[in-house]
Amino acid sequence: MIKPKDLRIGNYVRVSNDRCAIPKGTICKVIAIYAGRMLYNDKGVVTLLPLDRSEEVPYSVLCEDIEGIHFSIKFLTKNGFKETEHRIDRSGYEWCTYENENSCVRVEYYPKTKDFSTFVGEEELCDITHVHELQNILSALKEDIEITI
C-alpha cells in the first residue's frame, strides 16, 4: 500500500491485488488522487491508466491495492543515469555514483546493502526504494526528465 500523501500525478505504480479491474502486477500511471478523511476509511483512491493498455480507459483503485515499483540500477541506466564514480573507502565500504546530465539529482548505490540514496550537491535528500520516490524528488525540484519503465 502507498499512502495517498506519498503519490503525485504521473507516478508509476504496480497493482498489488486481484480485487480490482486491473490485473495484479500491471504497471500503471497515476492520473488522479482522492484522499479525503472519510474516503474508504482514510485509505484513499487513485485513478490509474495501465501502461500496456490497448484502450484509454482509466480505473479507480484503492491505495491499499497498489505498491511501488522497486528501484534498480537497470531503471537508473534506462533513464539516462550513468555511473560516474565507483569508490571504496579505507574500511572497505563501497558505493557507486549515478548522474544524469539533465538533472542536479545524484543517486548513490551501496552494493553491500543494496541501498540507494539521493543527493543534490553535497546534501543528502533521502534513501529511496521505489520509482515513485525518485519521481517525487524530480518533480519537487522541477527537473524535466522523462521517466520510462
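Note that the structure is a prediction, hence the values are computed from the model and not measured. (Residues numbered from 1 in each chain as written. Predicted model: local features only at pLDDT ≥ 70, side-chain atom pairs only at ≥ 80, totals over all residues. Heavy atoms only, no water.)

Caption draft 1: Main features of the nonpolar core. Core analysis: the biggest nonpolar cluster contains 19 residues, and Phe71, Leu76, Phe81, Tyr98, Val107, Phe116 and Leu134 have the highest contact counts within it. Looking at this core, the elements with two or more residues in it are α1 (73-78), β7 (94-99), β8 (105-110) and α2 (131-140). No other element matches α2, which puts four residues into this core. For Leu134, the contacting residues outside a window of four places in its chain are Phe71, Phe75, Phe81, Val105, Thr118 and Ile128. Core analysis: the next-biggest nonpolar cluster, separate from the first, contains 13 residues, Ile2, Val13, Val61 and Ile66 among them. (Core = buried A, V, L, I, M, F, W, Y, C linked by side-chain atoms within 4.5 Å. Buried < 20%, exposed > 50% of the residue type's maximum accessible area, 1.4 Å probe, protein only. Helix = DSSP H or I, 4+ residues; strand = E, 2+ residues; numbered from the N terminus. Contact = heavy atoms within 4.5 Å.)

Caption draft 2: Local environment of the pairing of strand β9 (residues 115-120). With six bridges joining them, β8 and β9 adopt antiparallel strand pairing. Along β9, the bridge assignment pairs Val105 with Val120. Here β8 folds back onto β9, and the loop between the two strands holds four residues, one of which, Lys114, carries a positive phi near 60°. Two elements, β9 and strand β10 (residues 123-128), share five bridges in a ladder whose sense is antiparallel. Looking at the pairing, Phe116 lines up with Ile128 of β10. Hairpin connection of β9 to β10: two residues between the antiparallel strands, including Gly121 at a positive phi of 65°. (Pairing = 2+ DSSP bridges.)

Caption draft 3: Quick peek at the packing of aromatic side chains. Under the defined criterion, the tally for this structure stands at five aromatic pairs. Taken together through their ring pairs, the aromatic side chains of Phe71, Phe75, Tyr109 and Phe116 make up a single cluster. (Phe/Tyr/Trp six-rings, centres within 6.5 Å; stacked < 30°, edge-to-face > 60°.)

Caption draft 4: Structural view of the pattern of salt bridges. Following the criterion strictly, the structure yields five salt bridges and no others. With its nearest N and O atoms 3.8 Å apart, the salt bridge here joins Arg14 to Glu67. Linking Arg14 in strand β1 (residues 12-15) with Glu67 in strand β5 (residues 66-67), this pair joins segments that are 53 residues apart in sequence. On the accessibility criterion, Arg14 (23% relative accessible area) is partly exposed. Close ionic contact of Glu64 with Arg19 constitutes a salt bridge, the shortest N to O distance being 2.7 Å. (Salt bridge = Lys/Arg side-chain N within 4 Å of Asp/Glu carboxyl O.)

Caption draft 5: Up close: α2. With respect to burial, α2 is a largely interior element, seven of its 10 residues being buried. Among all positions in α2, only Val131, His132, Leu134, Gln135, Asn136, Ile137 and Leu138 are buried. In this fold, the buried residues of α2 make contact with β1, α1, β8, β9 and β10.

Caption draft 6: Representation of the side chain of Thr47. By secondary structure assignment, the location of Thr47 is in strand β3 (residues 45-50). For Thr47, a relative accessible area of 9% puts it in the buried group. Here Ser60 takes part through its side chain, which lies 3.4 Å from a polar atom of the side chain of Thr47. Those residues within four positions of Thr47 in sequence are excluded, and the remaining contacts are Lys29, Val30, Ile31, Ala32, Tyr34, Pro58, Tyr59 and Ser60. (Polar contact = N/O pair within 3.5 Å; in protein donor to acceptor, adjacent residues only side chain to side chain.)

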